[in-house]
Amino acid sequence: MLSLLSDLLWSKILIAVLIGLGLWFTLASRFIQFRYFGKMFSILTARHHETDGHLSSFQALILSVAGRVGGGNIAGVAVAITLGGPGAIFWMWVVGLMGMATSFIECTLAQIYKKAEPDGTYRGGPAYYIEKGLGTKWKWLAVIYSILLLATFGIAFVALQSYAVANSLKDAFGIPLSYSGIGLAIVVGMIIFGGVKRIAKVAEVLVPVMAGGYLLIALVVLAMNITAIPDTLMMIVKSAFGIGPAIGGGVGAAILMGVKRGLFSNEAGLGSAPNVAAVAYVPHPASQGVVQAFSVFIDTILLCTCTALIILLGTAYDPGTVSAADGIALTQASLATHIGETGRIFVSIALLLFSFSTVLYNYYLGENSLSYLTKDKNNPWLMNGFRVLILFLCCIGAVLNLGTVFSFADLTMGLLALANLLALALLFKKARSVTKDYDDQVKAGVAQPSFDSAKFPELDLDKDAWPEINKSTK
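Visitor: Mind showing me how you'd approach a nonpolar patch on the surface here?
Guide: A surface patch of nonpolar side chains, about 380 Å² in accessible area, is lined by L23, L27, F31 and F34. Following the sequence through the fold, F31 ends up in the loop between helix 1 (2-28) and helix 2 (32-35).

Written as structure tokens, this is what we have:
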């Protein structure tokens, strides 16, 4: 039953909704992801510090990249190619490029409707912009979204990431599954009990190292096979439209796997990244939207493409013999064909780091959902109990057969996307009005646009999160 519902959701409904809304957001925002593409890179040279105790925009970017970059970039890409053929990568690109606009809208809304906490930090995300932006009559949707977010990211995905880490370490180093689960739980526990700021500080060091290292090894592979790259890229495009020899499951499978794995990897439209985007202190909501669109580019266009080329340029991939279960193993074997057996070890270490950072990110999403549902962030028993649950999931996820959990997570992730995408469609006009304010300031030559929330009384913003709202209007 889980598989039937998941297939219906992913094979028909979400493909139409994700691509349709992504295209609408792209056109209606006048290709915002391309207009401000150069501006996205400015975050890499900006001052990376906490502002008045808040996370900086850069830290929020790194934390969202920590969540987006995970097993989907290594195992997910391999599964997409196995079941959908090389053409699935083309549709992953489409989802990624359209998803940049979707991520811009959802993360801008997260900033607009963020809520100041008594301790001076911020909270926000889809549950908050649904309730505040659409009104209390839509609170039921906010509650459903929070429950789905908690079940998908806070519970199911933590177990799945532990499973991926443990099995990869067993294949590469022969480490028993239970040992990996316990080790992961110990390290995760040392971090999550320190709250979101400690998670951000760890991610600020870990993410650039792991993403940079993976890009570096991919560049080595590309340099070794530079003459074959044009033909490989052409094969991806042709396979996406069924041109050339049939590889994988045909055009339909290519689109299905590209959309499904693309969303799983970059999470644009799921509403997960806005939970982190809302935490940052930024001078204008749209500036965080620009930053978060960049994280989708890093995840899908850069890292997923790296994995795809490593596989397609190698000799381990054989459409006639490889099965979907070989995701991680296929990537390991493919890299080994380029740089020898050390490639298997490198993939295992990369997956360990990617999955580890994702567990930290998933924990925060679960905490944010729990905080919204209970309206009690400061209850130590509640939050510490949830942290203990995360550690238990790290241990148990490593040793269990998680086939049913995979199906459950696929279904809940699809429902999560539908709930958030509905809210984005209904709130798009409000996001566009704030974006227009940002555009006008950029057009006027303002180097760092700032948000005067008093100009938007119709939005009914949190006065503590946007103190300018207390100032008298001119």
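Visitor: I tried to follow helix 6 (residues 87-112) on my own but got confused; where do I start?
Guide: Helical geometry note: an α-helix holds 3.6 residues per turn, so side chains three or four residues apart project in the same direction. Compared with the 38 Å implied by 1.5 Å per residue over 26 residues, the 38 Å span of helix 6 between its first and last C-alpha is a close match. Along helix 6, the largest kink reaches about 30° and is centred on G99. Burial of helix 6 is extensive: 24 of the 26 residues sit out of reach of the surface.

Visitor: Sorry if this is basic, but what is going on with the nonpolar core here?
Guide: The biggest cluster of nonpolar side chains holds 127 residues, and the ones touching the most others in it are L109, Y129, V188 and Y214. In terms of residues, this core owes the most to one element, helix 18 (residues 403-443), which gives 14 residues. Not counting residues within four places of it along the chain, the set of residues in contact with Y214 comprises N73, I74, L303, C306, T307, I310, T331, F346, A350 and F354. A78, I81, F90 and W93 belong to the second largest nonpolar core, which has 21 residues in total.

Visitor: When you look at the packing of helix 16 (residues 342-374) against helix 17 (residues 380-397) in this model, what are you seeing that I'm missing?
Guide: Helix packing for two helices is described by the angle between their axes and how far apart those axes are. Orientation of helix 16 relative to helix 17, taken along the N-to-C sense of each, is 145°, at an axis distance of 11 Å. You can see that helix 16 and helix 17 cross each other, and the crossing is right-handed. Of the residues in helix 17, those in contact with V359, Y363, G366, E367, L370, S371 and T374 of helix 16 are L382, M383, F386, R387, I390 and C394. A breakdown of the residues in the contact of helix 16 with helix 17 according to their chemical character gives eight nonpolar, three polar and two charged.

Visitor: What am I meant to see in the pattern of salt bridges here?
Guide: When their charged atoms lie close together, side chains carrying opposite charge are able to pair. Tallied over the entire structure, the rule returns six salt bridges. The salt bridge involving R123 is made with E367; its shortest N-O contact spans 2.8 Å. With R123 in strand 2 (residues 122-123) and E367 in helix 16, this pair connects stretches of sequence that are 244 residues apart. As far as burial versus exposure is concerned, R123 and E367 are alike and both buried. Between E367 and R387 there is a salt bridge, and its shortest N-O distance comes to 3.6 Å. In this pair, E367 is assigned in helix 16 and R387 in helix 17, connecting sequence segments 20 residues apart. The burial state of E367 is the same as that of R387; both residues are buried. Within the structure, one salt-bridge network assembled from shared partners comprises R30, R35 and D439.

Visitor: What is the right way to look at the environment of F356 in this model?
Guide: In this fold, F356 is placed in helix 16. Judged by its relative accessible area of 10%, F356 is buried. When the C-alpha positions of F356 and S162 are compared, they lie 8.1 Å apart, and in sequence the two are 194 residues distant. In this structure F356 touches L184, V187, V188, I191, L206 and L351, once residues within four positions along its chain are discounted.

Visitor: So what exactly am I meant to see when it comes to the environment of A336 here?
Guide: Tracing the backbone shows A336 in helix 15 (residues 327-339). Exposure remark for A336: the relative accessible area of 12% places this residue in the buried category. Residues A336 and I310 lie 26 residues apart in sequence; the distance between their C-alpha atoms is 9.7 Å. Once residues lying within four places of it in the same chain are set aside, the contact partners of A336 are E341, G343 and R344.

Visitor: Looking at this structure, I do not really get the side chain of S295. What am I missing?
Guide: When you line up the elements, S295 lands in helix 14 (residues 285-312). Residue class for S295 comes out buried when judged on its relative accessible area of 1%. Among residues more than four places away in sequence, those in contact with S295 are L61, S64, V65 and R68.

Visitor: Sorry if this is basic, but what is going on with unusual backbone geometry here?
Guide: The backbone of F31 sits at a positive phi, close to 55°, despite the residue not being glycine. Even without being glycine, D460 reaches a positive phi, approximately 55°. Of note, D460 is situated in the segment after helix 18.

Visitor: Honestly, the packing of helix 8 (residues 139-173) against helix 17 in this entry has me stumped. Any pointers?
Guide: The geometry of helix 8 relative to helix 17 is characterised by a closest axis approach of 7 Å and an angle of 35° between their N-to-C directions. Between helix 8 and helix 17 lies a crossing whose hand is right-handed. In this structure, helix 8 uses L150, G154, I155, V158, A159, S162 and Y163 to contact helix 17, whose residues at the interface are F386, I390, L393, C394 and G397. Per-class residue counts for the contact of helix 8 with helix 17 are nine nonpolar, three polar and no charged.

What counts as what
- Residues numbered from 1 in each chain as written.
- Predicted model: local features only at pLDDT ≥ 70, side-chain atom pairs only at ≥ 80, totals over all residues.
- Heavy atoms only, no water.
- Patch = residues over 30% accessible without salt bridge, like charges linked within 9 Å, V, L, I, M, F, W, Y side chains within 5 Å.
- Areas by Shrake-Rupley, 256 points an atom, 1.4 Å probe, with all protein chains shown as cover.
- Salt bridge = Lys/Arg side-chain N within 4 Å of Asp/Glu carboxyl O.
- Helix = DSSP H or I, 4+ residues; strand = E, 2+ residues; numbered from the N terminus.
- Expected span 1.5 Å × (residues − 1).
- Bend = angle between axes of the 7 residues up to and from the residue.
- Buried < 20%, exposed > 50% of the residue type's maximum accessible area, 1.4 Å probe, protein only.
- Core = buried A, V, L, I, M, F, W, Y, C linked by side-chain atoms within 4.5 Å.
- Contact = heavy atoms within 4.5 Å.
- Axes fitted to C-alpha atoms, helices over the stretch in contact; angles between N-to-C directions.
- Left-handed = near helix turned anticlockwise from the far one by under 90°.
- Nonpolar A, V, L, I, M, F, W, Y, C, P; charged D, E, K, R; others polar.

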